[in-house]
Amino acid sequence: MCPNAFPDPRAGAARALWPLDPAVTFLNHGSFGACPRAVLEAQQRYRDQVERQPVRFFLRELEPLLDAARLELASFVGADPEDLVFVSNATAGVNTVLRSLPLGADDEICVTDHGYNACRNAAEAAAARAGARVVVAAVPFPIEAPEQVIEAVLAAVGPRTRLVLVDHVTSPTGLVFPVAALAAELAGRGVDLLVDGAHAPGMVPLDLRALGAAYYTGNCHKWLCAPKGAGFLHVRRDRQGAIRPLVISHGANSPRADRSRFLLEFDWTGTSDPSAALSVADALRFLGALLPGGWPALRAHNRATALAARDLLCEALGCRPPAPDAMIGALATVPLPDAPSSPPRLDSLQDALLERWGIEVPVFAWPASPRRWLRISAQVYNERSHYERLAAALAALL
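Note that this is a predicted model, so its numbers are computed, not measured.

A. The overall build of the protein chain, seen in detail. For the protein chain, the count of helices and strands is 15 helices and 12 strands. Relative to a compact globule of 398 residues, whose C-alpha radius of gyration would be 21 Å, the protein chain shows 21 Å and is just as compact. In terms of principal-axis extent, the alpha carbons of the protein chain reach across some 65 × 55 × 40 Å. Taken across its 398 residues, the protein chain has 54% of its residues classed as buried. Considering only contacts in the protein chain between residues 6 or more positions apart, those separated by 24 or more positions represent 70%. For the protein chain, the distance from the average position of its 38 positive side-chain charges to the average position of its 41 negative side-chain charges is 2 Å.

B. Quick look at the nonpolar core. With 106 residues, the main nonpolar core has L353, L374 and L390 as its most contacted residues. Broken down by element, this core gets its largest block of residues, 9 residues, from helix α13 (residues 294-317). L353 has contacts with G358, I359, V361, V363, L374, L390, A393, L394 and L397, leaving out every residue within four places of it along the chain. One finds V97, L98, A126 and Y215 within the second-largest nonpolar core, a separate group that totals 27 residues.

C. Here's a closer look at the packing of α13 against helix α15 (residues 384-397). Packing of α13 against α15 leaves a shortest axis separation of 10 Å and a crossing angle of 20°. Relative to α15, the element α13 lies roughly parallel. Relative to α15, the crossing made by α13 is right-handed. Contacts between α13 and α15 pair T305, A309, L312, L313, A316 and L317 from the former with R384, Y387, E388, L390, A391 and L394 from the latter. For the contact of α13 with α15, the residue count by class is 9 nonpolar, 1 polar and 2 charged.

D. Structural detail: the environment of F58. Mapped onto the elements, F58 comes out in helix α4 (residues 54-77). Sequence separation between F58 and S272 is 214 residues; the distance between their C-alpha atoms is 9.8 Å. Setting aside its immediate chain neighbours within four residues, F58 contacts V50, W268, T271, S272 and P274.

E. Fine view of α13. The end-to-end C-alpha distance of α13 is 35 Å, a good match for the 34 Å that 24 residues give at a rise of 1.5 Å each. Downstream of α13 by one or two residues, G318 has phi in the positive range, about 70°.

F. Structural view of the pairing of strand β12 (residues 372-377). Counted residue by residue, β12 has 6 buried out of 6 residues, so it is predominantly covered. Neither face of β12 is left uncovered, since the one carrying R372, L374 and I376 and the one carrying W373, R375 and S377 both have all their residues buried. Here 6 bridges tie strand β9 (residues 331-336) to β12, and the two strands are oriented antiparallel to one another. The residue of β12 that forms the bridge with L331 is S377. Judged from the 3 bridges that link them, strand β11 (residues 363-365) and β12 form a sheet pairing that is antiparallel. For A365, the partnering residue across the bridge sits in β12 and is R372. In this structure, the hairpin formed by β11 and β12 is closed by a connection of 6 residues.

G. Quick look at the sheet that holds strand β7 (residues 215-219). Ordered by their spatial adjacency, 7 strands build an open sheet running β2-β8-β7-β6-β5-β3-β4, and the pairing between neighbours is mixed. One side of each edge strand has no neighbouring strand; the edge strands of this open sheet are β2 (84-87) and β4 (133-137). Across this sheet, the average inter-strand angle for adjacent strands is 20°, counted without regard to direction. In this structure, strand β3 (residues 108-112) lies alongside β4, joined through 5 bridges in parallel fashion. Across the sheet, the residue bridging to C110 is V135, located in β4. Here helix α5 (residues 90-100) sits on the sheet in contact with β2, β3, β5 (161-167), β6 (192-197), β7 and β8 (231-235), set at roughly 160° to β7.

H. Fine view of the side chain of E108. With respect to the helices and strands, E108 occurs in strand β3. E108 sits in the buried class, given a relative accessible area of 10%. Of note is the side chain of E108, whose polar atom sits 2.9 Å from the side chain of R133. In this structure, E108 is in contact with R133, V135, R160, T161, R162 and L163, ignoring residues within four places of it in sequence.

I. The packing of aromatic side chains, seen in detail. The full count for this structure, using the stated rule, is 9 aromatic pairs. With a centroid separation of 5.9 Å and 80° between ring planes, the pair formed by F141 and W366 is classed as edge-to-face. With F141 in the loop between β4 and α7 (147-156) and W366 in the loop between β11 and β12, this pair connects stretches of sequence that are 225 residues apart. Relative accessible area serves as the criterion here: at 10%, W366 is assigned to the buried category. Of the aromatic side chains, those joined through ring pairs into one cluster are F57, F58 and W268.

J. Geometry of the sheet that holds β12. Reading across the sheet, the 3 strands line up as β9-β12-β11 and stay open at both edges, with antiparallel pairing between neighbours. With partners counted over all chains shown, the strands left at the sheet margins are β9 and β11, one partner each. Pairs of neighbouring strands in the sheet enclose a mean axial angle of 35°, with direction left out of account. Across the sheet, α13 lies against β9 and β12, angled at about 5° from β9, the strand it touches most. Sheet strands touched by helix α14 (residues 348-357): β9, β11 and β12. Its angle to β11, the strand with the most contacts, is close to 180°.

K. A look at the pairing of β8. The buried fraction of β8 is high, at 5 of 5 residues. Side-chain alternation along β8 places G231, L233 and V235 on one buried face and F232 and H234 on a second face that is also buried. Of the strand pairs in this sheet, β2 and β8 are connected by 4 bridges, and their pairing is antiparallel. The residue bridging V87 from the neighbouring strand is G231, located in β8. Both β7 and β8 contribute to a ladder of 5 bridges, which runs antiparallel.

The rules behind these values
- Residues numbered from 1 in each chain as written.
- Predicted model: local features only at pLDDT ≥ 70, side-chain atom pairs only at ≥ 80, totals over all residues.
- Heavy atoms only, no water.
- Helix = DSSP H or I, 4+ residues; strand = E, 2+ residues; numbered from the N terminus.
- Rg over C-alpha atoms; globule rule 2.2 N^0.38 Å.
- Buried < 20%, exposed > 50% of the residue type's maximum accessible area, 1.4 Å probe, protein only.
- Contact = heavy atoms within 4.5 Å.
- Lys, Arg positive; Asp, Glu negative; His and termini not counted.
- Charge placed at Lys NZ, Arg CZ, Asp CG, Glu CD.
- Core = buried A, V, L, I, M, F, W, Y, C linked by side-chain atoms within 4.5 Å.
- Axes fitted to C-alpha atoms, helices over the stretch in contact; angles between N-to-C directions.
- Parallel < 35°, antiparallel > 145°, perpendicular 65-115°, else oblique.
- Left-handed = near helix turned anticlockwise from the far one by under 90°.
- Nonpolar A, V, L, I, M, F, W, Y, C, P; charged D, E, K, R; others polar.
- Expected span 1.5 Å × (residues − 1).
- Pairing = 2+ DSSP bridges.
- Polar contact = N/O pair within 3.5 Å; in protein donor to acceptor, adjacent residues only side chain to side chain.
- Phe/Tyr/Trp six-rings, centres within 6.5 Å; stacked < 30°, edge-to-face > 60°.

This is the structure in structure tokens:
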């Protein structure tokens, strides 16, 4: 295998734009993101605006500001603004859809074994309330082709399937799932698709109109680098009437006719800090200006870094990449030797990497102990030397 090459380094210039600890080699952007200084400053300006005159802000200024931020985000993800609302994060978006669905006894929700644990829990809770059940599609890993994802999901879909929940980019395995092809297959079977796009915005191109999924939720605090607390839920127009926010508030009986019930309910669920959502547009503009080619160049740079770093680590570990290049975005997972039989904690290697080497990177069991994996992230502030340091640390610790 010819290894992928690292792109031209950008980390030297980009690192100073983030308030990251200079003593830590940060290779875990995927877990919680990291917000640039300029975006944090924009968020603080919104907070100052709130506190300068709270009544004026919430009653007169908030709605047009939300509309402006929604318009920019909708343009970025290929959506109509009227179909998109802000939520705190993708897990909240998944819960919103699951708690709105009128499931019946013996209905089925289909998920995959690569899904995010929090959202799997939400599906199990929704099914338990209704007497329904969760069916798990086993997607192979290592994996050879994206078609295996479609085959696994369709094999688990049956006449009782009400909803399929899949990740666009899987959290434990870092795979880009073929959600467009899957959406088309499920539409032909009359089954709705809920896409957990926690990692996708900013990592892969999005066109939610073309995708056509009934529901799509994503985070803005990960690869868009917005402040924590900014996420979105996109609901296809023909499904909006049934979807209610997790908190029912004034919008439920508002007499206004100038806005849809969907926007009226979701845009006001009570007094909260809206600064993260309002800062999404600032994050989009800031990151889009980092490289001459804008967002396409940034996505390509991060993907090239992830592929090259994965190949470097696989060579150091003496293993093959567990997924084809076509299924990699800005995350990549590599196998590690099985965990020791009696460690104090399975993530003791993760602790050692941080405490002894100053490297923040996740090590986790999947699908169950003793099998374990290491997942790297690639953001524009990362460079080859960061992954070389990780390879050296693994050689010493393993």
